[in-house]
Amino acid sequence: APTLLPGNVHDIDLVIEETTMTVAPGYVVGVWTFGGTVPGPTIRVKVGDTVRVHLKNPATNKLPHSIDFHASQVASNDEMRSINPGEELLYVWKAEYAGVWMYHCGTAPTLHHIANGMYGMVIVEPREGLPKVDHEFAIVQSEWYLGPQGQPADYLKASAAAPAPDFVVFNGVANQYKDHPLHVDTGKRVRIFVLDAGPNVDSSFHVVGTIFDTVIKEGIALRPGNAGNWGSQAVDLAPAQGAIVEFKPAEDGLYPMVTHAFNFVGRGALGLVQAGDGDPTN
């Protein structure tokens, strides 16, 4: 996860790029992006900060685009309006509520723009900040509905009443954290900021072999040391919902990170958290 932006006022240049991206070995999508990546850059601020986003749609692009920050309180027909290629827009908002928030393109059809890569995460910390932990990660779950090779996502697939994505992924690419695990220290505290960007499928976020002792979901908090010593096994997130989870891996080993909707684990929604050297027999 990125560090907290310094200061109280943040000017952020966000350039829309229409490009191509490999979303799984052998599969290339003609994506629309914020900043050239899917998901777009994670923005981390605190309550009370002012965010000034300079959204730019270069003349070399083909389509109008826009942006909608769920952490903001602005009129949708003002800052969220679409801009054509060659235009710019200044989107100013104040972070007044803490949480893990989604941002996305809102240009019609919004479903197609999100399905084709135009989404990202905003972390708003409480004014006093979050407690220090040993490891932090930002994970965005989303879906790919493949069209022809090198072309945008298939809008008809994405708009089906019973969604059947080709891939469900963490941070844009199928199985990338299976191939390249997230490394942590055994017995140390791990914090994951998690967002379900959708656009259609719920997430049941779970890290196998762990128990979440801290969960902050949409403003509702489970804390360590609570009366009864309650814990959490999975965090249910509908599209556009976010959460913070924390846990401590008890021993060296591999801890699979999945959505517990297991029909999607085989479609790319699988990663590994490696504690220590990954060998529990040592």
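Quick note: structure is the one above.
In short, a report on the structure. Residue indices follow the written sequence of each chain, beginning from 1 at its first position. Only residues with pLDDT of at least 70 get local features here, since the model is predicted, and only at 80 or more are side-chain atom pairs given and counted; chain-wide, interface and lining totals rely on the full set of residues. Hydrogens and water are ignored here; the side-chain numbers use all heavy atoms of the structure.

Thoughts on the overall build of the chain
- The helix and strand tally for the chain stands at three helices and 19 strands.
- Atoms considered for the radius of gyration are the C-alpha atoms alone. The globule rule reads 2.2 Å times the number of residues to the power 0.38. Computed over its C-alpha atoms, the radius of gyration of the chain comes to 19 Å, within 12% of the 19 Å expected for a compact globule of 282 residues.
- Along the longest, intermediate and shortest principal axes, the C-alpha atoms of the chain span 55 × 45 × 30 Å.
- Burial analysis of the chain (282 residues in total) assigns 48% to the buried set.
- Within the chain, contacts between residues separated by at least 24 positions form 73% of all contacts whose residues are at least 6 apart in sequence. Helix numbering and strand numbering both begin at the N terminus, where a helix is a DSSP run of H or I of at least 4 residues and a strand a DSSP run of E of at least 2. Exposure is judged per residue with a 1.4 Å probe applied to protein chains only, and the accessible area is read against the type maximum: over 50% gives exposed, under 20% gives buried, and values in between give partly exposed. By the convention used here, residues are in contact when the closest approach between their heavy atoms is within 4.5 Å.

Considering the side chain of Ser66
- Among the structural elements, Ser66 can be located in the loop between β4 (50-57) and β5 (68-69).
- On the accessibility criterion, Ser66 (0% relative accessible area) is buried.
- Counting of polar contacts relies on pairs of N or O atoms within 3.5 Å, with two restrictions inside protein: one atom must be capable of donating a hydrogen and the other of accepting it, and residues adjacent in sequence are counted only when both atoms are side-chain atoms. Engagement of the side chain of Ser66 in a polar contact is seen with the backbone nitrogen of Gly106, the distance being 3.0 Å.
- If near-sequence neighbours (up to four positions away) are discounted, Ser66 is found in contact with Phe34, Leu55, Met80, Arg81, Ser82, His104, Cys105, Gly106 and Thr107.

Quick look at the nonpolar core
- Core analysis: the biggest nonpolar cluster contains 30 residues, and Ile139, Ile192, Phe205, Val207, Phe212 and Met257 have the highest contact counts within it.
- Look past the residues within four positions of Met257 in its chain and what remains in contact with it is Ile139, Phe170, Tyr177, Leu182, Ile192, Phe205, His206, Val207, Ala269, Leu270 and Gly271. Within this scheme, the nonpolar core is defined by two criteria: the residues are buried Ala, Val, Leu, Ile, Met, Phe, Trp, Tyr or Cys, and they are joined through side-chain atoms within 4.5 Å.

Considerations on the packing of aromatic side chains
- Any pair of Phe, Tyr and Trp rings, taking the six-membered ring for Trp, is counted once the centres come within 6.5 Å. Such a pair is stacked with planes under 30 degrees apart, edge-to-face with planes over 60 apart, and tilted for the rest. On inspection of all chains with the given rule, the structure shows eight aromatic pairs.
- The interplanar angle of 80° and the centroid separation of 5.1 Å between the aromatic rings of Phe69 and Tyr91 together place this pair among those described as edge-to-face. One end of the pair, Phe69, is in strand β5; the other, Tyr91, is in strand β6 (residues 87-94), with 22 residues separating them in the sequence. For the pair Phe69 and Tyr91, a shared accessibility class is recorded, and that class is buried.

A closer look at the layout of surface pockets
- Detection works on a 1 Å grid of protein atoms alone, calling trapped sets that fit a 1.4 Å probe cavities and calling open sets with protein on both sides within 12 Å along at least five of seven lines pockets, with lining residues defined by an atom within 4 Å of a point. Grid points are joined across faces, edges and corners, and a volume is the space filled by probe spheres set on the points. Roughly 320 Å³ of volume is contained in the largest pocket.
- Every residue lining the largest pocket is counted, 21 residues in all, and those nearest its centre are Ala98, Gly99, Ile216, Gly219 and Ile244.
- For this scheme, ten residues count as nonpolar: Ala, Val, Leu, Ile, Met, Phe, Trp, Tyr, Cys and Pro. Four count as charged, namely Asp, Glu, Lys and Arg, and the remainder, Gly too, count as polar. Each residue belonging to the lining of the largest pocket can be placed in one class, and the counts come to 12 nonpolar, four polar and five charged.
- Taken as a whole, the second largest pocket encloses approximately 210 Å³ of empty space.
- Arg44, Glu125, Leu130, Lys132 and Glu136 are, among the 16 residues lining the second largest pocket, the residues nearest its centre.
- Here the residues of the lining of the second largest pocket sort into six nonpolar, two polar and eight charged.

Focus: the environment of Pro239
- If you trace the backbone, Pro239 turns up in the loop between β16 (235-237) and β17 (242-247).
- When the C-alpha positions of Pro239 and Asp202 are compared, they lie 5.9 Å apart, and in sequence the two are 37 residues distant.
- Once residues within four sequence positions are removed from consideration, Pro239 is found in contact with Asp196, Gly198, Pro199, Asn200, Val201 and Asp202.

Some thoughts on the pairing of strand β13 (residues 203-207)
- Here β13 lies mainly inside the structure; four of its five residues are buried.
- Looking at chain direction, β13 and β16 are connected through three bridges and run antiparallel. In the strand pairing of β16, Ser204 is matched with Asp236.
- Whether two strands pair depends on DSSP finding at least two bridges between them. Summarising the sheet, β13 and strand β18 (residues 253-259) pair through three bridges and their orientation is antiparallel. Within β18, the residue paired with Val207 across the bridge is Met257.

Purely spatial values, then, with no claim about function.
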